[in-house]
Amino acid sequence: MPKRVDHEERRAQIADALIRVAGRRGLHAVGMRDVAAEAGVSLRLVQYYFETKEKLLFYGLQHLTDRFTARVGARLAAAGADPGPRATVEALLLASLPTDDEGRTFHLLYSSYSILSVTDEALAAQPFIDKPDAAENAVTGLLERARAQGLADPAIAPRTEAISLLAMTATLGTSILVGQRTPESAIAVLHHHLDRIFSPPEHT
């Protein structure tokens, strides 16, 4: 009896190969043949599932987003059953910094996708991610909750602070990638701004 093929599993296998080889060589330098070789499958099979490089890249971005979501979830799980707004914001931001091999790959590829979407018409025709404001909305909601609970400076503007934190984290991530600063110094800067936003709990 022939073995049943799990098509979603095969697509994920190919997407993982794309992420690995692009993490080493850069997304711009990766072709479908490179991905096929990395995945240990034929070029014809990659073309069967994705038809064009643009479709492969778009699926790869969705797969990368799923993996990043799992990375954030693992950090939140490690923080405990109810980590609170600050720990949740911190887990989200730290997960996107290239402080380990996986984080480096995430940051490099997200940056590469951003640049390619500006110049590649086929990729630009697709939504860059399903919900481009998801992270901004999530951090804004957490800051609003913290402010309402008296855990953050009551004078903060949650949306503006969320935008600032995410933009700063992206820039810090790039500075780590290019060797401008160490992961430790970037994390220290991030903690400095979180300390500014979040009020320490009052002692009774």
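In this numbering scheme, every chain counts its residues from 1 along its sequence in written order. Per-residue local features of the predicted model are confined to residues with pLDDT of at least 70, and side-chain atom pairs are confined, for both listing and counting, to 80 or more; whole-chain, interface and lining totals are unaffected and use all residues. As a convention, hydrogens and water are excluded, and side-chain values are obtained from all of the structure's heavy atoms.

Chemist: It is not clear to me how the overall build of the protein should be interpreted in this structure. Could you clarify?
Modeler: Summing up its helical and strand segments, the protein has 10 helices and 0 strands in all. Only protein chains enter the accessibility calculation, which uses a 1.4 Å probe; a residue is then buried when its area is under 20% of its type maximum, exposed when over 50%, and partly exposed in between. Per-residue burial over the protein gives 37% buried out of 204 residues. Whether two residues are in contact is decided by their heavy atoms, any of which lying within 4.5 Å being enough. Put simply, of all contacts in the protein between residues at least 6 apart along the chain, 66% involve residues at least 24 apart. Carbon together with sulfur atoms contributes 55% to the accessible area of the protein, which is approximately 11600 Å² in total. Here a helix means four or more residues in a row that DSSP labels H or I, a strand means two or more in a row labelled E, and each is numbered from the N terminus. For the area figures, the Shrake-Rupley method with a 1.4 Å probe applies, and any residue is considered shielded solely by the protein chains shown.

Chemist: Help me out: how do you make sense of empty space enclosed by the protein in this one?
Modeler: Unfilled space is identified by rolling a water-sized probe across the atoms. A 1.4 Å probe that fits but cannot get out identifies a cavity on a 1 Å grid over protein atoms alone, an open set with protein on both sides within 12 Å along at least five of seven lines counts as a pocket, and a residue lines either if it has an atom within 4 Å of a point. Grid points are joined across faces, edges and corners, and a volume is the space filled by probe spheres set on the points. For the structure on display, the rule yields 1 cavity of 30 Å³ or more. There is about 30 Å³ of room inside the largest cavity. Lining the largest cavity are Leu18, Val30, Gly31, Met32, Val35, Lys53, Leu56 and Leu57. Going through the elements one at a time, helix 2 (32-39) and helix 4 (53-78) are the ones with two or more residues in the lining of the largest cavity. Ranked by residue count, the leading element in the lining of the largest cavity is helix 4, at 3 residues. Classifying every residue of the lining of the largest cavity gives 6 nonpolar, 1 polar and 1 charged. When residues are grouped by polarity, Ala, Val, Leu, Ile, Met, Phe, Trp, Tyr, Cys and Pro land in nonpolar, Asp, Glu, Lys and Arg in charged, and all others, Gly among them, in polar.

Chemist: When you look at unusual backbone geometry in this model, what are you seeing that I'm missing?
Modeler: Only a minority of non-glycine residues have a phi that is not negative, and only a minority of peptide bonds are not trans. The phi angle at glutamate 51 is positive, at roughly 65°, despite the residue not being glycine. Note on placement: glutamate 51 falls in the loop between helix 3 (43-50) and helix 4.

Chemist: Is there a simple way to think about helix 6 (residues 101-119) in this case?
Modeler: Quick reminder: α-helices carry 3.6 residues per turn. Residues three or four places apart thus point the same way. The end-to-end C-alpha separation of helix 6 is 27 Å, in line with the 27 Å expected for 19 residues at 1.5 Å each. Where helix 6 is concerned, the buried positions are Gly103, Thr105, Phe106, His107, Leu109, Ser112, Tyr113, Leu116 and Ser117. The span you would expect from a helix comes to 1.5 Å times its residue count less one.

Chemist: It is not clear to me how the packing of helix 1 (residues 7-25) against helix 2 should be interpreted in this structure. Could you clarify?
Modeler: Think of two packed helices as two axes; the pair is described by the angle between the axes and how far apart they sit. Every angle, taken between N-to-C directions, lies between 0 and 180 degrees, and every axis is a line fitted to C-alpha atoms, over only the stretch in contact when it is a helix. Here helix 1 crosses helix 2 at 110°, and the two axes come no closer than 8 Å. In terms of axis orientation, helix 1 runs roughly perpendicular to helix 2. Considering only the axes of helix 1 and helix 2, their crossing is right-handed. On the side of helix 1, the interface is formed by Gln13, Ile14, Ala17, Leu18, Arg20, Val21, Arg24 and Arg25, while helix 2 contributes Asp34, Val35, Glu38 and Ala39. Tallied by class, the residues present in the contact of helix 1 with helix 2 amount to 6 nonpolar, 1 polar and 5 charged. In this scheme, roughly parallel covers angles under 35 degrees and roughly antiparallel covers those over 145, while 65 to 115 is roughly perpendicular and the rest are oblique. Put simply, a crossing is left-handed when the front helix is turned counterclockwise from the back one by less than a right angle, and right-handed when it is turned clockwise.

Chemist: What am I meant to see in the environment of proline 83 here?
Modeler: With respect to the secondary-structure elements, proline 83 resides in the loop between helix 4 and helix 5 (84-95). If we ignore the near neighbours within four places in the chain, the residues touching proline 83 are Leu76 and Thr88.

Chemist: It is not clear to me how the packing of aromatic side chains should be interpreted in this structure. Could you clarify?
Modeler: For any two aromatic rings, the description comes down to two numbers: the centre-to-centre distance and the angle of the planes. Two rings from Phe, Tyr or Trp (for Trp, the six-membered ring) form a pair when their centres are within 6.5 Å of each other. A pair whose planes differ by under 30 degrees is stacked, one over 60 is edge-to-face, and the rest are tilted. Under the counting rule described, the total for this entry stands at 4 aromatic pairs. Where phenylalanine 50 meets tyrosine 59, the ring centres are 5.3 Å apart and the plane angle is 55°; that geometry is what we call tilted. Residue class for phenylalanine 50 comes out buried when judged on its relative accessible area of 4%.

Chemist: What's the story with the side chain of serine 112 in this structure? I'm lost.
Modeler: Locating serine 112 in the fold gives a position in helix 6. Under this definition, polar contacts are N or O atom pairs within 3.5 Å; protein pairs additionally need one hydrogen-donor-capable and one acceptor-capable atom, and for neighbouring residues in sequence, both atoms have to be side-chain atoms. Of note is the side chain of serine 112, whose polar atom sits 2.9 Å from the backbone oxygen of leucine 108.

Chemist: Before we go on, may I ask you to explain the pattern of salt bridges in this structure?
Modeler: Pairing between side chains of opposite charge can happen when the charged atoms of each approach one another. Salt bridge criterion: a side-chain nitrogen from Lys or Arg within 4 Å of a carboxyl oxygen from Asp or Glu. The tally for this structure, following the rule as stated, stands at 13 salt bridges. Between arginine 25 and aspartate 34 there is a salt bridge, with the nearest N and O atoms lying 3.1 Å from each other. One connected set of salt bridges, linked through shared partners, spans Arg20, Arg24 and Glu38.

These results come straight from atomic positions and should not be treated as a statement about function.
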